[in-house]
Amino acid sequence: MALYILDDPGLSVQLPAKTRTEIGALRALNRHRIPTRPVGLADIDTLAEDPQAVLLLPQLHAAPETVIRRCEQQAIPVIVLHTPGSSFPALHFSSVCGHAHSDADALLRYCAAAGRQRLALFAFNAVSAVDRSRAQAIADRAATLQPEDLFAAVDSFETSFARFYPHRQQYYAIHFANDYAAIAFIEAMQAADPTYLAGRFLIGAADTLLSRLYHTTVTTITYYRRDLLRGVATVYRTLLRDRGSVVSLQYQLPAAIAVRQSTQHFPLPPEAAPLPGSGGSTRLRFPEQGFFYEQDPVLGRIMATEDQLCAMDRTELQILLHFLQGDTNRHTAEALYISDQALLYHTRRMFRRAGVTDKQTFIRFFARYVSPAHLAAYLHTHACAGT
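The rules behind the values
- Residues numbered from 1 in each chain as written.
- Predicted model: local features only at pLDDT ≥ 70, side-chain atom pairs only at ≥ 80, totals over all residues.
- Heavy atoms only, no water.
- Buried < 20%, exposed > 50% of the residue type's maximum accessible area, 1.4 Å probe, protein only.
- Helix = DSSP H or I, 4+ residues; strand = E, 2+ residues; numbered from the N terminus.
- Arc of directions from axis to C-beta.
- Contact = heavy atoms within 4.5 Å.
- Polar contact = N/O pair within 3.5 Å; in protein donor to acceptor, adjacent residues only side chain to side chain.
- Axes fitted to C-alpha atoms, helices over the stretch in contact; angles between N-to-C directions.
- Parallel < 35°, antiparallel > 145°, perpendicular 65-115°, else oblique.
- Left-handed = near helix turned anticlockwise from the far one by under 90°.
- Nonpolar A, V, L, I, M, F, W, Y, C, P; charged D, E, K, R; others polar.

**Let's talk about helix α13 (residues 359-367)**
- Residues Phe362, Ile363 and Phe366 constitute the buried set of α13. Down the axis of α13, the buried side of the element spans an arc of 100°, and every buried residue falls inside it.
- On its buried face, α13 is in contact with α9 (297-311), α10 (314-324) and α12 (340-354).
- The backbone nitrogen of Gln360 lies 3.2 Å from a side-chain oxygen of the residue at the head of α13, namely Asp358.

**A look at the packing of helix α1 (residues 17-27) against helix α8 (residues 225-241)**
- Contact pair α1 / α8: the axes reach a minimum separation of 10 Å and the direction vectors enclose 50°. With respect to α8, the axis of α1 lies oblique. Here the hand of the crossing between α1 and α8 comes out right-handed. Along the contact surface, α1 presents Thr21, Glu22, Ala25 and Leu26, while α8 presents Arg225, Leu228, Leu229 and Val232.
- Classifying every residue of the contact of α1 with α8 by side-chain character gives five nonpolar, one polar and two charged.

**Some details on the environment of Gln117**
- Looking at the element boundaries, Gln117 is found in the loop between α3 (100-113) and β6 (119-125).
- The exposure class assigned to Gln117 is partly exposed, which follows from its relative accessible area of 48%.
- Separated by 25 residues in the primary sequence, Gln117 and Ala142 have C-alpha atoms spaced 9.5 Å apart.
- Look past the residues within four positions of Gln117 in its chain and what remains in contact with it is Ala112, Thr144 and Pro276.

Here's what the structure looks like:
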């Protein structure tokens, strides 16, 4: 009997830093009478030998869909984090993820409490069922939102920004499909009209590592880790207890907002604060085409930076901090109490992953999106938290 967590070095997708921390916390459920074990892709079929096995996937696109189908054939329940089962009706799996209407309520209450009533939705992607659902949930709740307030992802980030720019003065709050689009927007607006950002509310989603490390930290819609752990434990126990009578479950996480600089650290309203207006009935019109974020030259560069950061262990993040601060190799090694050979080993790995061959190019790669002060604060906070 165990909750088997997919952990395979052959997976091509780098898990977000937040998800990796969650997996570490899930493994600690061993101390709470939920046994957990790692399992690789090659060993999925062996789970059939355990009549009480449940497989957990950190996220759906981190594993082939064939994994879920193989488990379905062998009556092995699957739990997927951060992906609603309704988005993939042909696959049978339970999910623990956020809820679009809960996110919408939290967003609208926050904007209303700050007096930022006119809202734009930016870079929501027609090719993403999750993006479409989240955007429509906001339209269902917001009495004033109109179809023209949706600046969907079309062709490229630059195209979307060009569509928004002439209308920018109409909006005092912009909600982005993800943190990457929020960062790209801040960078583009600082170049085009830096005064515009003062007093505006810019709110991302997903609580990426870059949302905490960028030069302007990004307020983002997320959830609490404790709620995710409770959700996984609840779904796991229910699947064990009702294995023969339950096909799948969807555990929806209540929304939380991580408040940062992009909303001027404006405090959250009380949870009981009413929703503004009486709700909307606007049907958003998405364009027929969208684009894949990772293939966009602007968003792809930001996503690549996030992937590189997520691939770094604590020592490598500390090395990055020293490099961004202009420290020499010798000073960096001495400050971290590691040998010159150990520093060389880490820097070679970091350079190889970033696709660079020298220190100055490496520094330029990260300096665009990583604030040394924010990285130092992140390392300090996580050292105090023991993570």
